[in-house]
Amino acid sequence: MRKDLSLLAAAATVAAFLSAGPSAVVAANGPPTTLASGLGGPLHLSAGEHGTVTVSEEFVGRLTRMDAHGTKKVLYENAHWDVAGNAQQGSTTYFVESQGAGPMDARPLVGHVRSIDEDGHQRTFGDFAALETQHNADKDAHYGFHNLPADCAAQLPPQVPAASGGDVDSHPYGMTVSGRTIYVADAGANSVVSVDVRTGRTRTVAVLPPRPFKITAEAAAASHLPACTVGRTYAFEPVPTDVAQGPGDWLYVSTLPGGPEDPALGARGAVFKVDPDNGRVKLLADQVMSPTGLAVGDDGDIYVASLFGKGVLKIDRHSGKQSVVLSAALTADVDLAGSTLYATVNALPSEGAAPGPPNGKVASSDVGHGSHDD
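These remarks concern the structure in this document.

## Considerations on the sheet that holds strand 7 (residues 82-89)
Consider a sheet: its strands pair through backbone hydrogen bonds, and that pairing is either parallel or antiparallel.
Stage number 1. Strand order across the open sheet formed by four strands is 7-8-9-10, with antiparallel pairing between neighbours. The open sheet has two edge strands with one neighbour each: strand 7 and strand 10 (122-125). Adjacent strand axes in the sheet meet at a mean angle of 25° when their direction is disregarded.
Stage number 2. Judged from the six bridges that link them, strand 7 and strand 8 (residues 92-99) form a sheet pairing that is antiparallel.

## Some words on the sheet that holds strand 27 (residues 333-337)
Stage number 1. Strand order in the open sheet formed by four strands is 2-29-28-27, with antiparallel pairing between adjacent strands. This sheet does not close on itself; its edge strands, each paired only once, are strand 2 (33-39) and strand 27. Sheet twist, expressed as the average angle between the axes of neighbouring strands with direction ignored, equals 15°.
Stage number 2. Summarising the sheet, strand 27 and strand 28 (residues 340-345) pair through five bridges and their orientation is antiparallel. Across the sheet, D335 pairs through a bridge with Y342, a residue of strand 28.

## Comments concerning the environment of G165
Stage number 1. Mapping G165 onto the fold places it in the loop between strand 12 (163-164) and strand 13 (172-178).
Stage number 2. Remark: the alpha-carbon pair of G165 and H142, spanning 23 residues in sequence, is separated by 5.0 Å.
Stage number 3. In contact with G165, other than residues within four places in its own chain, are A141 and Y143.

## A word on the environment of V304
Stage number 1. Among the structural elements, V304 can be located in strand 24 (residues 302-306).
Stage number 2. Sequence separation between V304 and V271 is 33 residues; the distance between their C-alpha atoms is 8.9 Å.
Stage number 3. Those residues within four positions of V304 in sequence are excluded, and the remaining contacts are V271, V288, P291, G293, L294, G311, V312, L313, I315 and V334.

## Examining helix 2 (residues 128-135)
Stage number 1. Three or more residues of helix 2 are buried, namely F128, A129, L131 and E132. Buried residues along helix 2 cover an arc of 160° about the axis, so they all sit on one side. Counted as exposed and oriented over 90 degrees from the buried face of helix 2: T133 and Q134.
Stage number 2. Looking at the buried side of helix 2, the elements it contacts are strand 8, strand 9 (110-116), strand 13, strand 14 (181-186), strand 15 (191-196) and strand 16 (202-207).
Stage number 3. With a side-chain oxygen lying 3.3 Å from the backbone nitrogen of A129, the N-terminal cap of helix 2 falls on D127.

About the cut-offs
- Residues numbered from 1 in each chain as written.
- Predicted model: local features only at pLDDT ≥ 70, side-chain atom pairs only at ≥ 80, totals over all residues.
- Heavy atoms only, no water.
- Pairing = 2+ DSSP bridges.
- Helix = DSSP H or I, 4+ residues; strand = E, 2+ residues; numbered from the N terminus.
- Axes fitted to C-alpha atoms, helices over the stretch in contact; angles between N-to-C directions.
- Contact = heavy atoms within 4.5 Å.
- Buried < 20%, exposed > 50% of the residue type's maximum accessible area, 1.4 Å probe, protein only.
- Arc of directions from axis to C-beta.
- Polar contact = N/O pair within 3.5 Å; in protein donor to acceptor, adjacent residues only side chain to side chain.

Honestly, that's just the spatial picture; any functional story needs more than this.
Here's what the structure looks like:
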């Protein structure tokens, strides 16, 4: 039940349980537009100036920009790196990349921010692995069961620890930029990290809290847990997937649950608010299905890419009510530019699909108001 720090591997696992979802893209506010297709694992995107969109094609280690007409330009490519979240500020593009994410990866942890300016000059800064190795952000957390009897613990599957603390792991995944600070959702460290653009200094802003789940008979059967665990609470690790800045300068963070997210366990993702000044964390929305990307409107409403759900969700800032604003399969990320919502769809191969060229897409739709994401 521990998370796999490679979100790609986790996605492949979850896909075995879930259908591919609707094949068509349908927007609630009028017909959507397909801006680009043929993308290889478009798990991240950011909207920039003049209708441009930058996509991280994570399966191939590539950063691709497309203009308002869908014409593509490769900004960066290195198949040896996990090219993840990106953001644009003026004429500079920032993105995070890493290696060695996950317990099955023998490579040492390496992760940083890379920037590319309008002249193509690159700069690398920020050391996520060093920060995590020195401080282990969630070292004081308790994951798993509390006081599970030894005879019950002995019946757990090998991959399910009865209890554990936070491991030393780092996987910088989603990001946003605000002024001279970059905020990164570190899916391995279970934290939000800030990076100073000028000095490259990294700092843990906040650690996300464990995600408790009461084991039901159905969940126990689905996860091959012994009957003695039914009725007990398991504290899953949180998996931060994206971060955006919203009204009042709060940070909004989407998290996956650190374990299987199939129909037996239900929607267990969440959106949190984080005060960047003191690290205070508030739960904003619960029971969100596989939130892997988010953006915040100027009015405080939240738009979430639900990877294994029904598409892009809108979460009302007052009631927390969820509604689908763009129905599509395998939506991995979302951003807003003015009143235009952009989303990556078909971001993973559909379950059972025949091998073929990648068919990830960027779709757009008008949602009627602006964004507070950077």
